[in-house]
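# Summary of structural features
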Amino acid sequence: MRLGARYTYWVLRCIVGGPVGVYCIYYEHAKRGSTVSGWVLGWLIGAAVVAIVVVLLLLMIRGAARAAGKAEDIFAALEAAQANTLALWAVDDTNQVATRIVAAATSAREHLASKAVP
């Protein structure tokens, strides 16, 4: 990317004149260029990473909230099922009472049959 950052390079400059004649020196030359400097690129990459992490965390939070809502619904359904099936625990007692009623009815019929006039 190019955003107008600075870059440096070394230049050989020779100057003619003076008491010695020719002076040649190397110096570092800074020029306004069109490349992205490291810190700008680092900030851009860092901002992108932070944005991705934020999006992922928001998705995780939303998923956890949905799961919590579904868990509450499941718990409520289980409580309703428990309330609706409490009568099943009394089936054995009902069966025993029905057996005693049938036995008593059978006994009464046999007794009445024995007392009946042929």
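### Re the overall build of the protein chain
Scanning the protein chain from terminus to terminus reveals 2 helices and 2 strands. Taken from N to C terminus, the helices and strands of the protein chain fall in the order β-β-α-α. Burial status across the protein chain gives 4% buried among its 118 residues. Put simply, of all contacts in the protein chain between residues at least 6 apart along the chain, 48% involve residues at least 24 apart.

### With respect to the confidence of the model for the protein chain
Residues at a pLDDT of 70 or more form 66% of the protein chain, whose mean pLDDT is 79. The spread of mean pLDDT over the elements of the protein chain runs between strand β2 (residues 21–35), the lowest at 54, and helix α1 (residues 38–84), the highest at 93.

### Description of a nonpolar patch on the surface
A contiguous nonpolar patch, built from L41, I45, V49, V50, V53, V54, L57, L58, M60 and I61 and spanning about 930 Å² of accessible area, is present on the exposed surface. Within the secondary structure layout, I45 lies in helix α1.

The rules behind these values
For every chain, the first residue of the written sequence is number 1, and numbering continues from 1 along that sequence. Local features in this predicted model are restricted to residues whose pLDDT is 70 or higher, and side-chain atom pairs enter the listing and the counts only when it is 80 or higher, whereas totals over whole chains, interfaces and linings include all residues. Side-chain calculation: all heavy atoms of the structure are included, whereas hydrogens and water are not. Working definition: helices are DSSP H or I runs of at least four residues, strands are E runs of at least two. Numbering for both runs from the N terminus. For every residue, the accessible area obtained with a 1.4 Å probe (protein chains only) is divided by the maximum for its type, and the residue is called buried under 20%, exposed over 50%, and partly exposed between those limits. Any two residues having at least one pair of non-hydrogen atoms within 4.5 Å are treated as being in contact. Across the chain, each position has a pLDDT score giving the predictor's confidence in that residue, from 0 to 100. A residue counts toward a patch only above 30% relative accessible area and without a salt bridge, and it is joined to like-charged neighbours within 9 Å or, for Val, Leu, Ile, Met, Phe, Trp and Tyr, to nonpolar neighbours within 5 Å. In this description, accessible areas are obtained by the Shrake-Rupley approach with a 1.4 Å probe, and a residue is regarded as covered only by the protein chains that are shown. Every case where a carboxyl oxygen of Asp or Glu lies within 4 Å of a side-chain nitrogen of Lys or Arg is listed as a salt bridge.

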